[in-house]
Amino acid sequence: MVAERRLIGFGRSLLTGICALGIVLPATAANQEVNQAYSQAYALYVDLHQHPELSGNEIQTAAKLAGELRGLGYTVTEHVGGTGVVAVLKNGAGRTILLRTELDALPVEEKTGLPYASKVHAKDAAGHDVFVGHMCGHDLHMSALVATAGIMARSKNTWHGTLVLIGQPAEETIGGAEGMIKDGLFTRFPRPDVVLALHVGNELPAGKVGVIPGIYDTSADSLRITIYGKGGHGSAPHTTVDPIVTAARTILALQTIPSREVKPGELAVVTVGYITAGTKNNIIPDQAELGLTVRTYKPEVRKQVLAAITRITNAEAVAAGAPRAPTIDRYEASDAVYNDPALAQRLRATLETALNKDNVILAEPITASEDFSEYVAQGIPGFYLSLGGADPEKYAQAVAAGTHLPSNHSSMFAPDVDPSLHTAITAEVAMLRDLLKAGGNT
């Protein structure tokens, strides 16, 4: 315990609580580097948290990130794939490693009650005035990346090669990675040998990380279904074809896909997130719109589920006597993130050394999705790390009670910044140094 108490900035009471829960960070020279960078990283975190921007509109966020990295000596290019930022630091011969963070926030009203909670409003893509909040942790990711960038720039004697850091826009709308790639991310800039990223969440307590070899998360498909009917007076339904009733039957029938069509044990999620129809209680409308998200792990299950959605939606319309077939628009799609197993095994050992073996968990795949998979799809080995963000005491209480803490995208999501941010920086520096060390193999 004497060594742990030397850690700067944690505080005695916090350290005691962390150690009691089994989260012990070894005191090393690397930790001293992280502690020295922490205050500036925390200040940047608060600033970013208070000034979130929606996907595709991360103008000030991108400018802040670019300014920080340029000030550290990186060669910075802005406006890559929209508001994307690419920063390059060359340090002799060796591999090229890319570390990615996201820039965007969500159209969610923050209700955490934190003193630095976001109060920002903005116009969304449809022109609606919405609250904006970093309710997915991208502000913490950016702060960690900048601190990591500083440590790497100040310690060039510990590594060799080329470091590429990117700030990616529009992760939440599954378009930012593709946009940066199309704008020459891997042709205008050094092509990486490995791509890295991490994400904070409440699935693990702060201070711990989760390693998931192979499939990390699900593929995601966003569908917009329009069901057509024949409108009329609500008092005379026999003169109409009610699209709301057809939509209701369709919603229920779609739930039989994961429960009755997909092989038990295979993951499939079909969620109808919204239904829009009608303007008045006594008017049967001409159409109804459904918004779906579909999540799967395996490509063959994905194909099966999407085909079943089309079959069931069309069949329900025929059964209702609809005047025309529904339209099904698959307007967003992202493949599952895949962690190269050999790379994951190597970095697991690296993280166990940097964070303490007890703080590195072999975790299970999650059902969230994101577009980091676009980088891996370019034939580049990738590793995506799960970062614990839950207050350790609250996490233990929730586990004991069989309940769940607020998830990402919740209005109440708030990672326990210390030690989450410390852990993120420590993990990133350790992984980069390992992959960029002279003479090692990826």
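Residues numbered from 1 in each chain as written. Predicted model: local features only at pLDDT ≥ 70, side-chain atom pairs only at ≥ 80, totals over all residues. Heavy atoms only, no water.

**Here's the deal with the pattern of salt bridges**
- According to the stated counting rule, one finds 18 salt bridges in the structure shown.
- A salt bridge links Lys64 to Asp47; the nearest nitrogen and oxygen atoms lie 3.2 Å apart. Separated by 17 residues along the polypeptide, Lys64 in helix α3 (residues 59-71) and Asp47 in helix α2 (residues 29-50) bring together distant segments of the chain.
- Close ionic contact of Arg302 with Asp221 constitutes a salt bridge, the shortest N to O distance being 2.8 Å. Highlighted residues: Arg302 in helix α8 (residues 299-320) and Asp221 in strand β10 (residues 219-228), separated in sequence by 81 residues.
- Using a relative accessible area of 12% as the deciding quantity, one classes Arg302 as buried.
- Under the relative-accessibility criterion, Asp221 is labelled buried at 0%. (Salt bridge = Lys/Arg side-chain N within 4 Å of Asp/Glu carboxyl O. Helix = DSSP H or I, 4+ residues; strand = E, 2+ residues; numbered from the N terminus. Buried < 20%, exposed > 50% of the residue type's maximum accessible area, 1.4 Å probe, protein only.)

**Quick word on the packing of aromatic side chains**
- Overall, the coordinates contain seven aromatic pairs when judged by the stated rule.
- When the centroid spacing of 6.2 Å and the interplanar angle of 75 degrees are considered together, the rings of Phe186 and Tyr375 count as edge-to-face. Linking Phe186 in the loop between α5 (176-182) and β7 (194-205) with Tyr375 in helix α10 (residues 373-376), this pair joins segments that are 189 residues apart in sequence. For the pair shown, Phe186 and Tyr375 are each scored as buried.
- By the ring-pair criterion, three or more aromatic residues cluster together here, those being Phe186, Tyr216, Phe372, Tyr375 and Tyr384.
- It is Arg191 that lies over the ring of Phe186; its NZ or CZ is 5.8 Å from the centre.
- Just above the ring of Tyr331 sits the side chain of Arg224; from NZ or CZ to the centre is 4.1 Å. (Phe/Tyr/Trp six-rings, centres within 6.5 Å; stacked < 30°, edge-to-face > 60°. Lys NZ or Arg CZ within 6 Å of the ring centre and 35° of its normal.)

These figures capture arrangement, not role.
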